[in-house]
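Results of the structural survey
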Amino acid sequence: MVESMPGVKQRPLMRAVVYVPLILTAIYFLLPLIVMLLTSVKTMDEIRAGNLLSLPATLTFEPWAKAWDKMGGTFTNSFMIVVPAVAISTAVGAFNGFVLTKWRFRGSELLFGMLLVGCFIPFQVILLPMARTLGLLGLAGTTGGLILVHVIYGLAFTTLFFRNFYVAVPDELVKAARIDGAGFFTIFWRIILPLSGPIIVVSVIWQFTQIWNDFLFGVVYSSGETQPITVALNNLVNTSTGVKEYNVDMAAALLAALPTLVVYILAGKHFVAGLTAGAVKG
Amino acid sequence: MSALTIRNVKKSFGNTHILKGINLSIEAGRFLTLVGPSGCGKSTLLNIIAGLESPSSGEILIGDRNVNQLSPKDRDIAMVFQSYALYPNMNVRKNILFGLEIRKVPKAEQAAIVDRIARMLQIENLLDRKPAQLSGGQRQRVAMGRALARDPKLFLFDEPLSNLDAKLRVSMRAEIKQLHQRLKTTIVYVTHDQIEAMTLGDYIAVLNNGEVQQFGTPDAIYNDPANRFVADFIGSPPMNFIPCEVVGSSSQGFGVKMTHEGGDFVLEASGDLKPWLGKHVVLGIRPEQITHVVTSRLDERGVSGHACPVHLCEPTGPDTLVTTSINQTKVLARVRPDTAGTPGQSMDLMFDMNKAVFFDPTTGERLRFQLLKAA
Amino acid sequence: MSKSEPLKIDAVIDLPDNNPKDTANHPATQARTEVAKRGRRGTLELWLPKLVVAPSFLLSLVFVYGFILWTGYLSFTKSRLLPKYDWAGFIQYQKLWASERWWVACQNLLLFGGLFILICLALGVLIAVLLDQRIRIEGTLRTIYLYPMALSFIVTGTAWKWMLTPGLGLEKLMHEWGWTGFTFDWLVNPDMAIYTIVIAGVWQSTGFVVALFLAGLRGIDDAIIKAARVDGAGTWRIYTRIIIPSLRPVFFSTFMILGHIAVKSFDLVMALTGGGPGYSTDLPATFMYTYAFTRGQIGLGSASAMVMLGGVLGIVLPYLYSELRGKNHG
C-alpha cells in the first residue's frame, strides 16, 4: 500500500529486504508439511538411512495403508461427531444472532455477554461435571454425548459470529418485512438467511476445524469405539510398545489433517475474510 | 373522518423521555409531515404509528380502530424507509410482491398489481433486477412501489429522500407530491428538511424535544409560528431575531427601538404592544421582509427605510443576502443583486413590519396581540 | 399557544374539511374486542424471540455457570477417584500451591505463554507488513502461512516431535549436510523441552496473527497515509508512527486470542512431550487433566481448574466489558 505512492522508487535492494524474509519464513512454515509427506512414503529402512529431506528411492504407500487400517474407523467416528455438531451449533447460532440483533429485548445484551463468557472459559473447569452429567444421561462414551458437548461449547462462538454479522444488516430490512406482514420465521427464512452465506461459511469452517481438531473432549469423553481421530493419532504416536514406525505416524497425521486442510484450501479465503472482519473491528 | 389520530402518546426509556405527550389527527387523503431536528422524536413517533415500537402510554387510532395492540402487519399500513430497505436477495418484482405473497393474494391479482405499479412508477424495465443493480433514485421508486402495492390505509415515509443527491431529491419530491395528488392516499412523512416539510405537507407538525411545537398548515407554520423554535426552524435562511425594547411610536402606535453603528431608529409595529411597553421583546422578521428600498412602498403602514452598515454580501443568484448588525445581532436582508451595497459602507434597507412577529425573550413563546386598526 | 396540549387537535378543527369532535365518539369497545382476538397471536409474536434463545440461555446457565459452581464446590472437598460432597475448606488449594509440579506448570505457562505471544506477534506483524508491500506471490505466501491454522495441535505435535527426535530428525539432517557438531536434544532435555512447545506453537499460530494484521493494514484509511506522505513522512516513519499505532485494537485482540490459546494449550503438550520429560513441560491444563482423570485426584484437579478460570477471567472480563461497552456506544 505504502509502496504504491508515487515518488518511492522500487530499488532492488529494498525488494530483497522484503522478499528474503518472506521466503525464509515461508520455508519454515512449509517444512513440516514437506517432511511429513516425504516421511510418509518412505520405508523405515530408508528413514533410518536417509534424512528428513532425502527423497524416497522407492515410493511406498504401505504406511498409508497401515495408517488407514489403524485409523480408518476413527476417521469415520470424527465425521459422525463433526457433521451433526457443526450443523446444530451453526443453526442455533444463527437463530441466536438473529434474535440478539433484530429482536432485542430487555436483558438481551446481558444474555449475549453471558453466552460470550462461554468462549473464554478454560474447558478444564467444566470437564468433571460434564463427565458426571454425561454418565447420568447415559451418554458417557457415546457419539451422541460428544456431539452434545461440542454443540454446547460451540454455541458461544457461533452466536458471536452471527450476532456480529447481523448487527451490520440494516434493522430497516426487518421493519419493512414486518410491515409487509412477515413473522419471525418468515423474516428469518426469506430475508435474513439468504444474506447469511458468508457468515455461514465462517461458522461452518470454524466449527468444523474446532471439532475435528478437538482432543480434550475426545480424550475425556470418548470410549474406544467412538474415539475421534485426534485421540487415535495421539495414542498411535505416543505408544511406547513395539518399534516406532515414523512413516505410519506421518501418514496417520496427514490423514487426520486432510479434511481440515481440504476445507481450508477450498474455502479458507472466505473464512479469513469473515473472521478477521469481526476480530479487527473489536 | 380522521384517518389517523394520535392521542397523548408518550415514550420513555427510563428517565429519558423521547415523546412527552403527542396529540395529532389528520383526515383521510391528507399529507402530514413530521419535521424537526434529529433526536426530536419524529422517527420514534413514526415507528410507534407503524407498530414497530410501542408507546409507553397513549393511543394510536388508524381509521377508527385503536391499533395499540396490533402488530405492524395488522395495521393496514405501508412504509418507505430512508435506506429503502429493499430485500437484497430478491429482484424488484419479488420485492414489490413480498407483502402480497405473505398475505396470500391470488397470483393473477399479484401480476396485475405489479404491472400497474411498474407502469405508474416507470420501473417496468427494472423488474428483474436486484436492488444492488439499481441507482439510488431507482431504489427509491421501488421502495415506493412496494408500499403502493398493498394499497394500505396509511402510508408512512421515514426520511425517504435523505440518501439522494440534491438534484434527485428535488425531482423525487415533486414526484411524491404528484403521486399523492393523484392517489389521494393518507401519508405521514417524516423529514428533517424544512423545505420538504413545507412543499409536501397539507399539514406540518413541528417537533422538538419530544413535543409538538406547532401543528398546522404550511402557511400557518411559516407566517404564524407558535414560538421562536418554529420560526427559527422553518425558513431558509432563518428568521432574524432581534432583541429590542418596545417604545411608543410617532403615530400613537408602538414600535421597537433599533440601534446600530449609524445611530438609532424605531420600527413601527402593526399591533397593540401596549402590555410590553418599556419591556424587552424579541422581534422576529424574515430576511425577505428586509429588502432594498422600493420608494413607492414607503408610504405603506409598517414599511420604512433605514440606512444600515453592510458587513457581508452573499449573492445567491436571484437575490443577494446582505448581513448587517442591529442591536448587536447579526441581521440578514434579502435584496435585489444590483442594489446590494459594499461591505464596510452602508445601504438603505426597507423593513416591512406587517408580517413581523414578537417573542418573549425568556420563554421564546409568541407574543399575541390585537392588530391596530388602520389610522 | 403552548407545547402539545390537546389544543392541537382544535388546531385541526379550525382547518377546512375536518370533521369536528370526531375523536369523541370512537368505538373503543369494538377496537378492544379486536385486540383481544389478536391478543394471543400478538403475545406469541412477542415471546417467540425469547423462546428461540431460551434453550441456549438454559444450556449456558447449566453447562457453563452451573458446572463452574459444581467444579468450584468439588475443589473444596476431599474428592479423590469419586466425587464427595463433604466440605473440606481450602485443603486442596493448600495442596495445590504446595505442589512442586503445579509451580512448574505455572512457571511453564508464563514462560511458554510469554514467548509464544511475543514471537507470534513479532513474526506475525513483520510478515504482515512485508506482505503488505505489493508482493507478487502474496496469495501463495498467505496460504503457506495460514495452513497450519487448519491443523490439529495433535498433528502439529506429531510432526514436530518427529522432526525434533534426537538422532533421526533435524540433528541427522544437519549432520548429513556437513554440520557434524550440531546437537539438538531439546525434546528430551528437561530444561529445554518447553521451548520445543514454543517452536511448534509459533509455527501453528503465527498465520493467524498475519491474517489479523494484514486485514488491519488493509483497513487503514488511505487518506491518512496520503496526508502523512504530504507532510513529508517516509515509509519507515509512516509505519512506526502512524500505521502500527493505529492497529492498537488489533494488537489487543491478537494478544487476547494468543493468550487464550496459551492457557488452553493441552493437545500440543500431550502430543509433543506428553508433559515430559518427567513433568518438565506440564502446563496447568495438563496438570488438571493428569490429576483429575489419571491420578484420581478430583478435588485437586478441580482446584487447579478453578485457578485457571480465575486467571483467564482476570484477563478476559475487563476486555469483554470494554468490548460490550464500546459496541453499545458505537
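Residues numbered from 1 in each chain as written. Chains lettered and ligands numbered in written order. Predicted model: local features only at pLDDT ≥ 70, side-chain atom pairs only at ≥ 80, totals over all residues.

Rules: UniProt positions are given in the numbering used here, feature names are shortened, and annotations may be inferred rather than shown by experiment.
An unreviewed UniProt entry lists chain C under the name Sugar ABC transporter permease, with Acanthopleuribacter pedis given as the organism. The Subcellular location (unreviewed entry) field of the UniProt record for chain C holds the comment "Cell membrane". Quoted straight from UniProt, the Sequence similarities (unreviewed entry) entry for chain C says "Belongs to the binding-protein-dependent transport system permease family."

If you look chain B up in an unreviewed UniProt entry, it shows as sn-glycerol-3-phosphate ABC transporter ATP-binding protein UgpC from Acanthopleuribacter pedis.

1. Here we look at the domain arrangement of chain C
Residue and element names in this part refer to chain C. Rule in force here: Segmentation of the chain into domains, including their bounds, is taken from an automatic or database domain assignment. In this description, any two residues whose backbone-derived C-beta atoms lie within 7 Å of each other are considered to be in contact. The residue classification treats Ala, Val, Leu, Ile, Met, Phe, Trp, Tyr, Cys and Pro as nonpolar and Asp, Glu, Lys and Arg as charged. All others, Gly included, are polar.
According to the domain assignment, chain C contains domain 1 (23–74) and domain 2 (99–329). On a C-alpha basis, the centroid separation for the pair domain 1 and domain 2 is 44 Å. Counting from both sides, the interface comprises four residues of domain 1 and, opposite them, six residues of domain 2. Considering only residue class, the side of domain 1 that touches domain 2 consists of two nonpolar, two polar and no charged.

2. Section: the interface of chain A and chain B
Note the threshold: A helix here means a DSSP run of H or I that spans at least four residues, while a strand means a run of E at least two residues long, and both kinds are numbered starting from the N terminus.
Taken together, the contacts link 14 residues of chain A with 17 residues of chain B. Within the residue set of the side of chain A that touches chain B, elements represented by two or more residues are helix 7 (171–179) and helix 8 (184–192) of chain A. Among the elements that make up the side of chain A that touches chain B, the one with the highest residue count is helix 7 of chain A (six residues). Of the residues that constitute the side of chain A that touches chain B, the class distribution is eight nonpolar, two polar and four charged.

3. What to know about the sheet that holds strand 3 (residues 31–35) of chain B
Hydrogen bonds between backbone groups are what pair the strands of a sheet, and the pairing can be parallel or antiparallel. Residue and element names in this part refer to chain B. As a reminder, the rule being used: A strand pair is defined by DSSP finding two or more bridges across the two strands. A fitted line through C-alpha atoms represents every axis, and for helices the fit uses only the stretch in contact; the resulting angles, taken between N-to-C directions, go from 0 to 180 degrees.
Spatial strand order, 6-7-8-3-9-10: six strands in an open sheet with mixed pairing. Where the open sheet ends on each side, the last strands, each with one partner, are strand 6 (77–80) and strand 10 (211–216). Averaged over all neighbouring strand pairs, the angle between strand axes comes to 15°, with direction disregarded. Pairing analysis gives four bridges linking strand 3 to strand 9 (residues 203–208), with the strands arranged parallel. When the bridges of strand 9 are listed, Val35 appears paired with Val206. Helix 4 (residues 136–149) rests against strand 6 and strand 7 (154–158) of the sheet, and its axis sits at about 175° to strand 6.

4. Quick word on the UniProt feature "transmembrane region" (unreviewed entry) in chain C
Cross-referencing UniProt, the feature "transmembrane region" (unreviewed entry) maps to residues 47–73, 109–131, 143–163, 192–217, 238–263 and 298–321 of chain C in the present numbering. Annotated as 100% helix and 0% strand, the span residues 298–321 of chain C places its first and last C-alpha atoms 33 Å apart.

5. A few points about the nonpolar core
Our working rule: Think of a nonpolar core as buried Ala, Val, Leu, Ile, Met, Phe, Trp, Tyr and Cys residues chained together by C-beta atoms that fall within 7 Å. Here exposure depends only on C-beta density: within 10 Å of a residue's C-beta, 20 or more other C-beta atoms make it buried, 12 or fewer make it exposed, and intermediate numbers make it partly exposed, the C-beta atoms being placed from the backbone.
Core analysis: the largest hydrophobic core is formed by 275 residues, its most contacted members being Ala253(A), Met79(B), Leu156(B), Val188(B), Ala205(B) and Phe213(C). Contact partners of Ala205(B), with chain neighbours within four places excluded, come to Leu24(B), Leu32(B), Leu34(B), Val212(B) and Phe215(B).

6. A look at the packing of helix 3 (residues 62–102) of chain A against helix 6 (residues 143–167) of chain A
Residues and elements named next belong to chain A. We count it as follows: In this scheme, a crossing is called left-handed if the near helix is turned counterclockwise away from the far one by less than a right angle; it is called right-handed if the turn is clockwise.
Axis separation between helix 3 and helix 6 bottoms out at 6 Å; the angle between their running directions is 35°. Two packed elements cross with a definite hand, and for helix 3 against helix 6 that hand is right-handed. Of the residues belonging to the contact of helix 3 with helix 6, the class tally is 18 nonpolar, 12 polar and two charged.

7. Re the pairing of strand 12 (residues 254–260) of chain B
Residues and elements named next belong to chain B. Here strand 11 (residues 240–248) pairs with strand 12 via four bridges, running antiparallel. Residue pairing for strand 12: Val246 is matched across the bridge by Val256. By the bridge criterion, six bridges tie strand 12 to strand 13 (residues 263–268) in an arrangement that is antiparallel. Across the sheet, His260 pairs through a bridge with Gly263, a residue of strand 13. Hairpin connection between strand 12 and strand 13: a loop of two residues separates the two successive antiparallel strands.

8. Observations concerning the domain arrangement of chain B
Residues and elements named next belong to chain B. Domain boundaries assigned for chain B yield domain 1 (2–233) and domain 2 (240–359). One C-alpha centre belongs to domain 1, the other to domain 2, and the line joining them spans 40 Å. Across the boundary between the two partners, domain 1 contributes five residues, which contact six residues of domain 2. Of the residues that constitute the side of domain 1 that touches domain 2, the class distribution is two nonpolar, two polar and one charged.

9. Side note on the UniProt feature "domain: ABC transmembrane type-1" (unreviewed entry) in chain C
The UniProt record annotates "domain: ABC transmembrane type-1" (unreviewed entry) at residues 106–321 of chain C. In residues 106–321 of chain C, the share of helix is 73% and the share of strand is 0%. The end C-alpha atoms are 26 Å apart.

10. Concerning unusual backbone geometry
All names here are of chain B. Residue Ser236 is joined to Pro237 through a cis peptide bond whose omega torsion reads -5°. With respect to the helices, strands and loops of the structure, Pro237 is situated in the loop between helix 8 (228–233) and strand 11. Notably, Asn209 is not glycine yet its phi reads approximately 50°, a positive angle. According to the C-beta neighbour criterion, Asn209 is partly exposed, with 16 such atoms within 10 Å. Positive phi is not limited to glycine here, since Asn327 has a value of about 50°. For Asn327, the position within the fold is in the loop between strand 18 (320–326) and strand 19 (329–335).

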